[in-house]
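# An overview of the molecular structure
Residues per chain are reported as follows:
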Amino acid sequence: MVPIGKARIMREGSHVTLVSYSIGVGVALAAAETLAGEGIEAEVIDLRTLRPLDTAAVLTSLHKTNRVVVVEEGWPTCSIASEIIAVCMSDGFDDLDAPVLRVTNEDVPMPYAANLEKLALINADDVVKAAKAVLYR
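Residues numbered from 1 in each chain as written. Predicted model: local features only at pLDDT ≥ 70, side-chain atom pairs only at ≥ 80, totals over all residues. Heavy atoms only, no water.

Here we take up the overall build of the chain. When its secondary structure is counted, the chain shows 5 helices and 5 strands. By its C-alpha atoms, the chain is 45 × 35 × 30 Å across when sized along the principal axes. Each of the 137 residues in the chain was classed as buried or not, and the buried ones make up 45%. Taking all contacts inside the chain whose residues are at least 6 apart in sequence as the whole, residues at least 24 apart take part in 78%. Just so you have it, the chain exposes about 7300 Å², and 57% of that area is on carbon and sulfur atoms. The centroid of the 12 positive side-chain charges in the chain is displaced by 3 Å from the centroid of its 19 negative side-chain charges. (Helix = DSSP H or I, 4+ residues; strand = E, 2+ residues; numbered from the N terminus. Buried < 20%, exposed > 50% of the residue type's maximum accessible area, 1.4 Å probe, protein only. Contact = heavy atoms within 4.5 Å. Areas by Shrake-Rupley, 256 points an atom, 1.4 Å probe, with all protein chains shown as cover. Lys, Arg positive; Asp, Glu negative; His and termini not counted. Charge placed at Lys NZ, Arg CZ, Asp CG, Glu CD.)

Below, the structure is given as structure tokens:
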């Protein structure tokens with residue numbers, strides 16, 4: 001059984017926090033593997049539930065890594081990523097060493113063509129780029 005309102009740390013890390021849920025967790029873990037090959041240890045948090053949202057887990061990890069990237073298979077506007085960013089800015093601002101970034105689907109209607117759909121969805125390469133950006137690499 002999944003505890004309601006309790007996030008899970010899927011991978012320990014100390015350089016950057018990748019926060020996600022659902023399909024995005026797999027994408028974040030794939031990005032963390034790539035980053036590990038380059039000497040960057042990413043902590044991956046699976047929110048598991050969105051209401052209630054385990055903001056304490058996010059803020060604890062932010063305090064540890066000082067950098068956050070939110071990974072969400074959804075649009076950037078009015079998203080969970082927006083809420084996580086707001087929590088980090090309002091309750092974890094003093095711990096931030098870089099702006100919080102989000103990796104989301106492209107802000108377009110979902111295409112029907114498979115090749116275009118693939119281009120619109122989140123992917124590990126974009127997460128790697130965002131993680132390197134908050135690390136200033």
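Next comes the rest of the description.
A pair of packed helices is characterised by two quantities: the angle between their axes and the separation of those axes. The N-to-C vectors of helix α2 (residues 55–65) and helix α3 (residues 80–91) enclose an angle of 60°; their axes lie 10 Å apart at closest approach. Viewed along their axes, α2 and α3 adopt a mutual orientation that is oblique. The way α2 lies across α3 gives a crossing that is right-handed. Residues T55, V58, L59 and L62 of α2 pack against I84, V87, C88 and D91 of α3. Within the contact of α2 with α3, the residues separate by chemical class into 6 nonpolar, 1 polar and 1 charged. (Axes fitted to C-alpha atoms, helices over the stretch in contact; angles between N-to-C directions. Parallel < 35°, antiparallel > 145°, perpendicular 65-115°, else oblique. Left-handed = near helix turned anticlockwise from the far one by under 90°. Nonpolar A, V, L, I, M, F, W, Y, C, P; charged D, E, K, R; others polar.)

Take the environment of V108 next. Take V108: it is sitting in the loop between β5 (101–104) and α4 (114–120). Along the sequence, V108 and W75 sit 33 residues apart, while their C-alpha atoms lie 8.0 Å from each other.

On to the side chain of E72. You can see E72 is positioned in strand β4 (residues 68–72). From its side chain, E72 meets the backbone nitrogen of I80 in a polar contact 3.4 Å long. In contact with E72, not counting residues within four places along its chain, are Y21, S79, I80, A81, V103, T104, N105 and I122. (Polar contact = N/O pair within 3.5 Å; in protein donor to acceptor, adjacent residues only side chain to side chain.)

The next thing to look at is unusual backbone geometry. Along the chain, R51 connects to P52 via a cis peptide bond; the corresponding omega equals 5°. For P52, the location among the structural elements is in the loop between β3 (42–46) and α2. At R48, a residue that is not glycine, the phi angle is positive and equals roughly 65°. Position of R48 relative to the elements: it lies in the loop between β3 and α2.

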